[in-house]
Amino acid sequence: MSEHFIDTHIHLDGEEFDADREEVMARAREAGVRAMFLPAIDLASSRRILDLCRQYPDYLFPMIGLHPEEVRADWQEQLSTLHSLLITYHSVIAIGEVGLDFYWSREFEQEQLAAFEAQVEWSVETRLPLMIHCRKAQNEMVAILKRYARELPGGVFHCFTGNEHEAAELLQFDRFVLGVGGVFTFKKSHLPEVLPAAVPLDRLVLETDAPYMAPVPMRGQRNESAYLVHVVSRMAEAYGISEDELKHRTTENAERVFGGMLNEKKS
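Anyway, here's the lowdown on the structure attached to this text. (Residues numbered from 1 in each chain as written. Predicted model: local features only at pLDDT ≥ 70, side-chain atom pairs only at ≥ 80, totals over all residues. Heavy atoms only, no water.)

For the rest of this paragraph, the subject is the pairing of strand S7 (residues 176-180). Summarising burial for S7: five of the five residues are buried, a large majority. The alternating pattern of S7 places Phe176, Leu178 and Val180 on one face and Val177 and Gly179 on the opposite face, and all of these are buried. Bridge count between strand S6 (residues 155-157) and S7: three bridges; the pairing is parallel. Within S7, the residue paired with Val156 across the bridge is Val177. Taken together, S6, helix H6 (residues 164-171) and S7 constitute a β-α-β crossover, and its handedness is right-handed. Relative to strand S8 (residues 204-206), S7 runs parallel, the two being bridged by three bridges. By the bridge assignment for S8, Val180 is matched with Leu206. (Buried < 20%, exposed > 50% of the residue type's maximum accessible area, 1.4 Å probe, protein only. Helix = DSSP H or I, 4+ residues; strand = E, 2+ residues; numbered from the N terminus. Pairing = 2+ DSSP bridges. Right-handed = clockwise from strand over helix to strand, strands pointing away.)

Structure below.
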């Protein structure tokens, strides 16, 4: 039987999956996905995710966090309640999705910086890894992480789409990995050249960011974990290895970063 693999980032709690969530999980299992990691974006999604993961404790694994685009005037109140959830629920595997996003607006720039740093401190406090979202803010993000680099347990730089220089800057944080998904298959993507040149196989994990960013040939459709097979195929080709080797290596990386919580649940 071929290797299993992990979707380290899927928004399965989203309303896009309300009509067929069970079927999405069944298709994922059939495709070889043996676990899904669910990032939150705010307090409401954190609660939804905790409820969902309680129903499927051997397959779905929850994160808690405040996404930078959800940072508003009430960010401190949200963080206070999220921190209470974090220390109450021992099933949480990571703090995320957190980070910085100045793509659309810098209206809440200072609040984003403060919220991100607070959640970085949670990672140090709890020893849980970070699931980091960053858009148009890499310099600011790196500056914050450098202050905690020695103390941080690790994490994932989610949805990496950058160049070799940007990859090297992120890989200086040696307990972190890059999350890569459907963008790898896009016609204009430089990742098939950048990653083999700049990123060792032990620094990569697979992700969908579903329901967003479906890979070719599913582009334009709602994304789901089963579609990761298309990313695996293209990435294995770029690295010059078998698909099973790519699945095995990225799964090992996910287990290392997220604490090996899946070891006893291998199929």
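The residue Ser189 is located in the loop between S7 and helix H7 (191-198) in this model. Polar contacts involving the side chain of Ser189 include one to the main-chain carbonyl oxygen of Val183, which spans 3.2 Å. Separated by 3.1 Å, the side chain of Ser189 and the backbone nitrogen of Leu191 make a polar contact. If we ignore the near neighbours within four places in the chain, the residues touching Ser189 are Val183 and Phe184. (Polar contact = N/O pair within 3.5 Å; in protein donor to acceptor, adjacent residues only side chain to side chain. Contact = heavy atoms within 4.5 Å.)

In spatial order, the strands read S1-S2-S3-S4-S5-S6-S7-S8; together these eight strands make up an open sheet with parallel pairing. The two strands at the open ends of the sheet, each matched to only one other strand, are strand S1 (5-7) and S8. Averaged over all adjacent pairs, the angle separating strand axes in this sheet is 30°, with direction ignored. Relative to strand S3 (residues 60-64), strand S2 (residues 33-38) runs parallel, the two being bridged by three bridges. Within S3, the residue paired with Phe37 across the bridge is Phe61. The strands touched by helix H1 (residues 21-31) are S1, S2 and S3; relative to S2, the strand with the most contacts, the crossing angle is about 135°. Lying on the sheet, helix H4 (residues 109-126) is in contact with strand S4 (94-101) and strand S5 (130-135); it crosses S4 at an angle near 155°. (Axes fitted to C-alpha atoms, helices over the stretch in contact; angles between N-to-C directions.)

Turning our attention to the side chain of Gln119. Mapped onto the fold, Gln119 is located in helix H4. When residues no more than four places from it in sequence are discounted, the contact partners of Gln119 are Gly65, Leu66, Leu79, Ile95, Val98 and Leu130.

With that settled, consider the packing of H6 against H7. Interaxial distance between H6 and H7 falls to 9 Å at its minimum, and their mutual angle equals 45°. What the angle tells us is that H6 and H7 run oblique. Helix-helix and strand crossings are classified by hand; for H6 and H7 the assignment is right-handed. Counted together, Glu164, Ala167 and Leu171 of H6 and Val194, Ala197 and Ala198 of H7 form the full contact between these two elements. Per-class residue counts for the contact of H6 with H7 are five nonpolar, no polar and one charged. (Parallel < 35°, antiparallel > 145°, perpendicular 65-115°, else oblique. Left-handed = near helix turned anticlockwise from the far one by under 90°. Nonpolar A, V, L, I, M, F, W, Y, C, P; charged D, E, K, R; others polar.)

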